[in-house]
Structure formats: structure tokens, C-alpha cells
Amino acid sequence: MFSYTIRRLTALIPVLLGMTFIVFMMIRAIPGNPAQIILGQQATKKAMAALTKELGLDRPWPTQFWEYLSGIFTGDLGVSLKSRVPISEEIWPYLAATIELSLVAMLIAIVIGVNAGIISAWFQNSWFDYVAMVVALIGVSMPIFWLGLMEQYIVAIQWDLLPTTGRDNIRDPVEAVTNFYLIDSLLNNRFDQFIEVIRHLILPGIALGTIPMAIIARMTRSSMLEVMRSDYIRTARAKGMKMFWVVYKHSLKNALIPVVTVIGLQTGLLLGGAILTETIFGWPGIGTYIYEAISYRDYPVIQSGILVVAAIFVLINLVVDLLYAAIDPRIKYK
Amino acid sequence: MNKPIIEVKELKTSFRTDEAEVPVVNGISFHINPGEILGIVGESGCGKSVTSLSIMGLVPSPSGKVEGEILFKGENLADAPESRMRKIRGNDIAMIFQEPMTSLNPVFTIGEQLIESIRIHRKWNKKMAEARAVEMLRLVGLPRAEDLIREYPHQLSGGMRQRVMIAMAMICDPALLIADEPTTALDVTIQAQILELMKKLNKETETAIMMITHDLGVVAEICERVAVMYSGRIVEEADVRTIFQDPKHPYTIGLIQSVPDMRDKKERLYSIPGNVPKPGAAQPGCPFAPRCAHAMDKCVTKTPSLKSLSDGQKVRCWLYEDGKGVKLNDTAIS
Ligand SMILES: Nc1ncnc2c1ncn2[C@@H]1O[C@H](COP(=O)(O)OP(=O)(O)OP(=O)(O)O)[C@@H](O)[C@H]1O
Ligand code: SF4
Ligand SMILES: [Mg+2]
């Protein structure tokens, strides 16, 4: 298992290299000159040329790519053209904000989705089953931006129950330690802020978590239905086991194998949804970071931002593969 | 002998499928004495498995309906609540199934599944339960019992898995073991070993066995008494010697003639022409009539009842009502 993990990690290197190259080339295909954007419309040719040189953008692209690549291996993600701060120093708060939101969304999706799927399968054709599956069907086809805006309009504005934007109360911001505000507020002994952070997480968490929740619920249901028909479930019942344990122990562990795949895939896709959710809810995450960088033609930030997101995606897939082995003893990685 | 361990009276099990009620078991009665091995023989689809599931209270609800009496040590299981049935299953009545390859849960170790079987019914600690599990694995003739409890089902052969199933069924020392075609899926040498094992356990533990099979060879090997089922009814019941030496019902005679090597004169494998009628078509008359060489006018209009002959032999056929009878040498089948 350990050597398998190492080998899988090694195999990631060419993947990440390829991704770096593609992102690097794509960004240079975007029209617009960074020097011009930084200096504004009235900039002189001379000033622009000087800045282009200073930014290193005048050199041939292979040289630029090589420099960028060797930087990455030493942990240097480049310097932001806009803020002039090394990206590796400023990216973390954004990344943490996205991870926190995604984890909360995934937590909502998994806890509700898996349980709804289990209960639907257990009481197949009951009213719960029907309601849950109709809701799931609607959930799968729900556009994030529409759901997000409706949440804001109804829950935040009409009912005034929850805040519309941001991660915390602007007048009483959380003092960053790890940049995971759920943790930081507790580290600072500010339980009131902890509640406030949760209140900020609910709406974007639901907006982002609804699609994966619906997909997970449907997958869990069909997987459970199949497992519950199998011979070993009949064996478990013939032992005199309580139905609850037959479902939550003997069936679930088998049914989880395909569900884990879906959860992994959805977690990857979540990153895409997160960027959309962040713009709707003014969430200062990696999506916002990249989005702003794009409008500024901040090449290094776009490049490194996308690279970091892609690396996370690949890592999630690795974790999913390793999870299989933990659940299913028939899979042995050598 | 003392009172029967189980007495089934007029058991009727039917399934509701789109409006129609399909009777699968059609009023069968039999009993098993303590320590006795009763064979239930019949072609595929005649309702053997449904009979055993009815006794276990595992007929799928709400589509299935069980009527009649199932007296286990005097208690009627047919109307016992699920909570009571759970205490009986695996503890007083245990069951093993036809498919050893799929009857064990693939994601739990052999030990986990054995230990669980005890701890559902007994308040034993893990250590005691594990010791008992190892003891049971030895009892069913499995080598390396201490290592085996840490292995997963996929690491075992079919024969070994069926031994594990038997160990699991016998672990709480049940009064009755229902074995639903326990050897059908195994190859011949393993079949013989498993039957030998069941015979041994029956002697040592005095557990009564209800041996379901469509193989008269299995019956000859271990049963003391046999009930022959046809289309949801018992058509003949007798002790094993009588069944082979003096079968009465044309269907039983056909079955015996279709067994290779059973009567050495016959070289060619004889099989009964025609098929078991599909359950549902509840017509008057003897269900075997379409395939019977002795069918009379009466046979198609009126259903014969189970008539007791000498020596406790019972037969359901008009020929014996009229005192005519058939000899084994006669052609039984049209
Ligand atoms: N849940 C169910 N719903 C409807 N019909 C059923 C159900 N279970 C069994 N049956 C029907 O009952 C009949 C008898 O089935 P059963 O499994 O008892 O046969 P069997 O004698 O055990 O045969 P085999 O030797 O193939 O195991 C079959 O025709 C089957 O289609
Ligand atoms: S009752 Fe008639 S049809 Fe049925 S087995 Fe006897 S002789 Fe054959
Ligand atoms: Mg069967």
C-alpha cells in the first residue's frame, strides 16, 4: 500500500508537467497585453516596453516556461504582476477559503446524500423514496447560479435569516491563523464568530453541495438496492441481525464502493462549481483570485492558480483510489 | 419418539404480482423430529426455497403472504412478530444456502462474520466469541483455523466457504438447520465431503436438518425420511428405504428412474418429460396430470388428497384412492 502510494505520487509528476505546459500556452493565447493593462490606456510605447522587459515577457516562451517550471520545483509559483507579492505567499488565504467551502459543501452532500439514498433503498417505493428521488432529480438539474441567487433572494433578503456574502462579519473580521475560519474562530476563543462563520457557510455550502448531494443520493440508492438483493444480505438476515445493522453495516460497506467513485468525481467537479459559487457569494476563494487575475492579465497568478487547482483535483483522485483499498479487501495494490 | 421439533401444517405462501395472488406453496404439512434429517425433494421451481424462507420468516414483504401454522417447539412462527423471529433466526433455526460463493459478505473477514453470529444472540465478549469461532472452524474440518478468521471470503474456495457457512449456521447450536441445496454448486468430491460433514454434525450435535435438494443421490446419502414436492404440494412422503424400494407416486417413480446409477439396469439418463407448471395457474385436478402416464379422467377435474398408506407412507394420487397402484417397473411417465 505504501509503495503503491509512492508510485502513484511519482506518476503524478508527468501529469502535472503536462498540465503546467498546457496552462502556460493557453494563457498566452488570451488577447491583451499585461504591460498595457497595468499601465493603462495612456501608457507610452517606451514605458510599456520597459515594463514588458522588467516582467520578463519579452523573452522567447521556452525560456519563460523553463524559468517558471524550475521555480515551481523550488516552491516558487512566481510573483503577482498586480500586487508584486510572491504568489506562494498570498495564495493560501484564498485556497483555504475555497477548501473550507468545498469541504462544507461536500460534507452536506455526503451526509444528506448517502443517508437519503440508504433510506430510499431500505424503504423502496415508500413516500420517502418518491420524495427523495424527485428532489434529487430536481437537484441534479439545478443550475448553481440560479440556486445561489434564489437562496440569496429568499433566505437572505426576504427572510433576512442569513448573510448574503463573504466569509465573516466585515465589522468583526476573524483573525486569521490557519485561514480556515471555522478553526481560527475557535482558536481565538470566539464562539460567537464561529457561529457567524457557520452562518456565512450555509447558503454557499448548499448552493455548491446540492448537485453532488443529488448525484450521491441517486448513486447510493441504486447501489444499495443492488447490494440488498445479494445472497450475503440474506445470510445476514438469516443470522437474526437487526435490519438497521443489515442496512448500515453489511449493505452499506459494499454499496459504498461505487459511491466513493462518485464522491471523488464530484469533489473534483466541485472545484469548478466553487468558482461560480464564489462569484455569487463574494467568497474570497481561489476562484475569485483567478477571476480577478484574468481581468488583470496577471499571467503568473492565472497560471499558478489553475495549476494548484489541477494538482488538488489529481490528488483527490489518488485519495479516492486509496480509499477503495481501505473499503474493499479484494482490491490489493502492489 | 418424542415430540417433533417442527411441525408445519397447511402452509400456504403466495406472492402478489400486479393484481393476481400467485400461490407458490399450496398447503403443505410435514414435521421433523429432534435430531432427524428430513429430505425435501423436487424439481426447480416447485417451492422448496419459498418453504424454507417461510419457516425463517424471510418471505419478502409486502408482496409475500404466509398462511397456515409453523409450530416450532409448539410456538406458531407463522404469526410471530419480527422481533421474535429475529431471536429465533440463527439461534434456534439456522440456514445455509445454495451459493457458497456469494453467501458470505466479501468485505468482512471470516472471523468478523462468525463472531458477529454469536454476539447477535449471546452476550459474549470478543475473546470468547473468537475462541468459539476457531473451535467451529476446526469442527467443520478447516485447517489453519486461527489464520482463517483473519482472511476474507475471496481467499477461500467454494468448498471451504460452504464449510464456513456451516460453521456459522451451527455456531449457536441450533435445534434445526435448514440446508437449501447446500451442495448443488459444488463439484462431486466436495459434495460428498460436505454431506459427510453434515451427517457427522447431525450425529454429534443432534441438530435436526431439513435438507432441501433436487438430487436423490443426496437424499440416499443422508436423509432418514423424504417429502417429495411437486408444484407447491407434497405428493409423497416416506422413509428413505421405502421411497427407493417402493415409491408410489408416478412423479416419485419418474424421479427415481431419472437418477443415473440408481438402478443399474438403466444405462441412459432418464428424465421426466415436460416441465414443472408455472405457479399461478391454480387449476383443478392433479398438477402432475399433463405429464403422467396413468392420468385418468378424474385426475384433470379433481385434486387428490394426501392419503396415508401403511408404514407412515403418504401419497397424493388417485391411483391409491382406487386401490390400483403403480409398480416401479411400470412406465410412470407418458
Ligand atoms: N419473491 C417472489 N415473488 C414472486 N414469485 C416468487 C418469489 N420467490 C419465488 N417465487 C416463485 O416461486 C416459485 C418457487 O420458487 P422456489 O425458489 O421456492 O423454487 P425451488 O423449489 O427452490 O427451486 P430451485 O431448485 O430452483 O431452487 C418460482 O416459480 C418462483 O418464480
Ligand atoms: S392423480 Fe392421476 S395424474 Fe396425478 S399422479 Fe396420480 S394418476 Fe397421475
Ligand atoms: Mg431453491
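The model shown is predicted, which means the values in this text are computed figures rather than measured ones.

Student: I'm lost on the sheet that holds strand E1 (residues 6-17) of chain B in this one. Help?
Tutor: All names here are of chain B. The strand order across the open sheet formed by 4 strands is E2-E1-E4-E5, and the pairing between neighbours is antiparallel. What marks the edges here is a single partner per strand, and that holds for strand E2 (20-32) and strand E5 (75-76). Both strand E4 (residues 64-72) and E5 contribute to a ladder of 2 bridges, which runs antiparallel. By the bridge assignment, Phe72 is partnered in E5 with Glu75. Contacts from helix H1 (residues 48-56) reach E1, E2 and E4, with the element oriented near 110 degrees to E1.

Student: Can you help me understand the packing of aromatic side chains in this one?
Tutor: How two aromatic rings sit relative to each other is given by the distance of their centres and the angle of their planes. All names here are of chain A. Under the criterion given, the structure shown has 14 aromatic pairs over all chains. Ring geometry for Tyr94 versus Tyr289: centroids 4.4 Å apart, planes at 20 degrees, classification stacked. Note that Tyr94 is positioned in helix H5 (residues 87-122) and Tyr289 in helix H12 (residues 286-295), a separation of 195 residues in sequence. You can call Tyr289 buried: its relative accessible area is 5%. Taken together, a centroid distance of 6.5 Å and an interplanar angle of 55 degrees make the contact between Trp122 and Phe244 tilted. You can see Trp122 sitting in helix H5 and its partner Phe244 sitting in helix H11 (residues 243-280), a full 122 residues away along the chain. The exposure class assigned to Trp122 is partly exposed, which follows from its relative accessible area of 26%.

Student: Would you mind showing me how to read the confidence of the model for chain A here?
Tutor: Averaged over all residues, the pLDDT of chain A equals 87, while 99% of them reach at least 70. Averaged pLDDT values for the elements of chain A fall to 74 in helix H2 (residues 34-39) of chain A and rise to 94 in helix H10 (residues 231-238) of chain A.

Student: How should I be thinking about helix H10 (residues 250-257) of chain B in this particular structure?
Tutor: Each α-helix turn comprises 3.6 residues. Residues three or four places apart therefore point the same way. Residues and elements named next belong to chain B. In terms of burial, H10 is largely enclosed, as 8 of its 8 residues are buried. Where H10 is concerned, the buried positions are Pro250, Tyr251, Thr252, Ile253, Gly254, Leu255, Ile256 and Gln257. Packed against the buried residues of H10 are strand E3 (37-41), helix H8 (216-222), strand E9 (225-230), strand E10 (233-239), helix H9 (240-245) and helix H12 (318-321).

Student: How do you make sense of the interface of chain A and chain B when you look at a structure like this?
Tutor: For interface size, the figure often reported is the accessible area lost on association. Listed as interface residues are 18 residues of chain A and, on the opposing side, 25 residues of chain B. Interface of chain A and chain B: buried area, both sides summed, is about 2,100 Å²; carbon and sulfur atoms make up 59% of it. The interface formed by chain A and chain B holds 4 salt bridges in total. When the shortest N-O distance is used, the salt bridge between B:Glu99 and A:Arg234 registers 3.1 Å. Here chain A and chain B share 15 residue pairs in polar contact (both at pLDDT 80 or more) between them. Elements that contribute at least two residues to the side of chain A that touches chain B include exactly H10 and H11 of chain A. The element contributing the most residues to the side of chain A that touches chain B is H10(A), with 6 residues. Here the residues of the side of chain A that touches chain B are counted per class, giving 6 nonpolar, 4 polar and 8 charged.

Student: Would you explain empty space enclosed by the protein in this entry?
Tutor: Here the idea is plain: a probe the size of a water molecule rolls over the atoms and shows the empty space left. Considering all chains together, one arrives at 4 cavities of 30 Å³ or more under this definition. A volume near 100 Å³ is recorded for the largest cavity. Around the largest cavity, the lining residues are A:Thr235, A:Ala238, A:Lys239, B:Gly90, B:Ala94, B:Met95, B:Ile96, B:Ser117, B:Met165, B:Met168 and B:Ala169. For the lining of the largest cavity, the secondary structure elements donating two or more residues are H10 of chain A together with strand E6 (93-96) and helix H6 (158-170) of chain B. In terms of residue class, the lining of the largest cavity is made up of 7 nonpolar, 3 polar and 1 charged. In this structure, the second largest cavity encloses a volume near 80 Å³. Lining the second largest cavity are 13 residues, with B:Cys286, B:Cys292, B:Cys299, B:Cys317 and B:Trp318 positioned closest to its centre. Residues of the lining of the second largest cavity, tallied by class, amount to 11 nonpolar, 2 polar and no charged.

Student: Could you clarify how one ought to interpret the pattern of salt bridges in this entry?
Tutor: A side chain of one charge can pair with a side chain of the opposite charge if their charged atoms are brought near each other. Across all of its chains, the model carries 25 salt bridges over all chains by this definition. In this structure, the salt-bridge partner of A:Arg190 is A:Asp192, at a minimum N-O distance of 3.0 Å. Residue classification places A:Arg190 among the partly exposed positions, given a relative accessible area of 27%. Two residues, B:Asp147 and B:Arg144, come together in a salt bridge whose shortest N-O distance is 4.0 Å.

Student: What is the right way to read the layout of surface pockets from this model?
Tutor: If you add up the space inside the largest pocket, you get close to 1,000 Å³. Along the walls of the largest pocket sit 33 residues, with A:Arg237, B:Leu58, B:Val59, B:Pro60 and B:Ser61 positioned nearest its centre. Breaking the lining of the largest pocket down by element, the ones donating at least two residues are H5, helix H9 (191-228) and H10 of chain A together with H1, E4 and helix H2 (82-88) of chain B. Volume-wise, the second largest pocket comes out at about 610 Å³. In terms of lining residues, the second largest pocket is bounded by 21 residues, among which A:Met241, B:Glu116, B:Arg119, B:Ile120 and B:His121 are the most central. Mapped by element, the contributors of at least two residues to the lining of the second largest pocket are H11 of chain A together with H2, helix H3 (110-121) and helix H4 (126-139) of chain B. The element that contributes the greatest number of residues to the lining of the second largest pocket is H3(B), accounting for 7 residues.

Student: Please clarify how the pairing of E1(B) should be interpreted in this entry.
Tutor: Look at any regular strand and the pattern is simple: side chains alternate between the two faces of the sheet. Pairing between E1(B) and E4(B): 8 bridges, direction antiparallel. Bridged to B:Val8 within E4(B) is B:Ile70.

Scoring rules and cut-offs
Residue positions within a chain follow its written sequence, with the count starting from 1. Key to labels: chains lettered from A, ligands numbered from 1, both in the order written. Restriction of local features to residues with pLDDT of at least 70 applies here, the model being predicted, together with a cutoff of 80 or more for giving and counting side-chain atom pairs; totals for whole chains, interfaces and linings are based on all residues. Side-chain metrics rest on all non-hydrogen atoms present in the structure, leaving aside hydrogens and water. Only when DSSP finds a minimum of two bridges between them are two strands counted as paired. Helix and strand assignments follow DSSP, with helices taken as H or I runs no shorter than four residues and strands as E runs no shorter than two, numbered in order from the N terminus. Here, residues are in contact when the closest pair of their heavy atoms is within 4.5 Å. In this analysis an axis means a line fitted to C-alpha atoms, helices contributing only their contacting stretch, and an angle means the value between N-to-C directions, from 0 to 180 degrees. Pairing of aromatic side chains here covers Phe, Tyr and the six-membered ring of Trp, requires ring centres within 6.5 Å, and sorts the geometry by plane angle: under 30 degrees stacked, over 60 edge-to-face, intermediate tilted. Only protein chains enter the accessibility calculation, which uses a 1.4 Å probe; a residue is then buried when its area is under 20% of its type maximum, exposed when over 50%, and partly exposed in between. Confidence scores labelled pLDDT are given residue by residue by the predictor and lie between 0 and 100. What gets called buried area is simply the loss in accessible area from a 1.4 Å probe that two parts show on being joined, summed for both. Whenever Lys or Arg places a side-chain nitrogen within 4 Å of a carboxyl oxygen from Asp or Glu, that contact is recorded as a salt bridge. N or O atoms closer than or at 3.5 Å make up a polar contact, with two conditions inside protein: a donor-capable atom paired with an acceptor-capable one, and, for residues adjacent in sequence, both atoms drawn from side chains. The residue classification treats Ala, Val, Leu, Ile, Met, Phe, Trp, Tyr, Cys and Pro as nonpolar and Asp, Glu, Lys and Arg as charged. All others, Gly included, are polar. In this analysis, the protein atoms alone were mapped onto a 1 Å grid. Cavities are point sets where a 1.4 Å probe fits without being able to get out; pockets are open sets with protein on both sides within 12 Å along at least five of seven lines; lining residues have an atom within 4 Å of a point. Grid points are joined across faces, edges and corners, and a volume is the space filled by probe spheres set on the points.

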